[in-house]
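# Tertiary structure, described
Here are the chains, one letter per residue:
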Amino acid sequence: MKYMMFVCSDTEPDTDPTELPDIYKWVAENDSHGRRLTGNVLASTSAATTVRVRDGELLVSEGPFAETAEVIVGFDLLDCADLDEAIEVARAHPMAREGRLELRPFADLSD
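A brief structural summary. (Residues numbered from 1 in each chain as written. Predicted model: local features only at pLDDT ≥ 70, side-chain atom pairs only at ≥ 80, totals over all residues. Heavy atoms only, no water.)

### Looking at the overall build of the protein chain
Across its full length, the protein chain carries three helices and six strands. Starting at the N terminus and walking to the C terminus, you meet the elements of the protein chain as β-α-β-β-β-β-α-α-β. Within the span of the protein chain, comprising 111 residues, buried residues form 23% of the whole. Put simply, of all contacts in the protein chain between residues at least 6 apart along the chain, 76% involve residues at least 24 apart. For the protein chain, the computed accessible surface area is about 8,000 Å², with 53% contributed by carbon and sulfur atoms. A distance of 2 Å separates the average location of the 10 positive side-chain charges in the protein chain from that of its 23 negative side-chain charges. (Helix = DSSP H or I, 4+ residues; strand = E, 2+ residues; numbered from the N terminus. Buried < 20%, exposed > 50% of the residue type's maximum accessible area, 1.4 Å probe, protein only. Contact = heavy atoms within 4.5 Å. Areas by Shrake-Rupley, 256 points an atom, 1.4 Å probe, with all protein chains shown as cover. Lys, Arg positive; Asp, Glu negative; His and termini not counted. Charge placed at Lys NZ, Arg CZ, Asp CG, Glu CD.)

### Concerning the nonpolar core
Membership of the largest hydrophobic core is limited to 10 residues, which are Y3, M5, V7, W26, L78, C80, A86, V89, A90 and M95. At the level of elements, β1 (2–8) and α2 (83–91) are the ones that each hand at least two residues to this core. Every residue in contact with V7, bar those within four places of it in the chain, is listed here: V71, I72, V73, G74, F75, D76, H93, M95, R100 and L101. (Core = buried A, V, L, I, M, F, W, Y, C linked by side-chain atoms within 4.5 Å.)

### Remarks on the side chain of R35
Turning to its location among the elements, R35 is positioned in the loop between α1 (23–32) and β2 (36–41). Of the polar contacts made by the side chain of R35, one reaches the side chain of N30; its length is 2.8 Å. (Polar contact = N/O pair within 3.5 Å; in protein donor to acceptor, adjacent residues only side chain to side chain.)

### Things to note about unusual backbone geometry
One non-glycine residue, D55, lies in the positive phi region at around 50°. In this structure, D55 sits in the loop between β3 (49–54) and β4 (57–62).

### With respect to the environment of L78
In this fold, L78 is placed in strand β5 (residues 72–79). C-alpha of L78 to C-alpha of R35: the two residues are 43 residues apart in sequence and 5.3 Å apart in space. Ignoring sequence-local partners within four residues, the contact set of L78 consists of M1, K2, Y3, M5, W26, R35, R36, V89 and L103.

### Looking at the sheet that holds β1
Hydrogen bonds along the backbone pair up the strands of a sheet, which may run parallel or antiparallel. The four strands lie next to each other as β2-β5-β1-β6, forming an open sheet whose pairing is antiparallel. The open sheet terminates on both sides in strands that have one partner only, identified here as β2 and β6 (100–105). Between one strand axis and the next, the sheet turns by 15° as a mean value, whatever way the strands run. In this structure, β2 lies alongside β5, joined through five bridges in antiparallel fashion. By the bridge assignment for β5, T38 is matched with L77. (Pairing = 2+ DSSP bridges. Axes fitted to C-alpha atoms, helices over the stretch in contact; angles between N-to-C directions.)

Read these as geometric descriptors, not functional statements.
Right under this line is the structure:
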């Protein structure tokens, strides 16, 4: 099952003083097991552009679509057996402690 894992900042990171997991090891392990299909870090929200169309008019604005302290800073596309496996993959990601990870399955549009 494929999941989009949004990697987000958080205003309340973990206070555990132990060393964070190494992101390069996390990537290598999950790539080698076929659980991570792709992923990347996003540019700063200052580089974001929001595009909308309302009443036929194109509206383009600088910045993210929402004013919030927490922002999406990256993503990973996961291919896991089920949600439990996806949770275990996310649990080992450094941003599980520094930020937050949102797992979202892809919709089945065949219906």
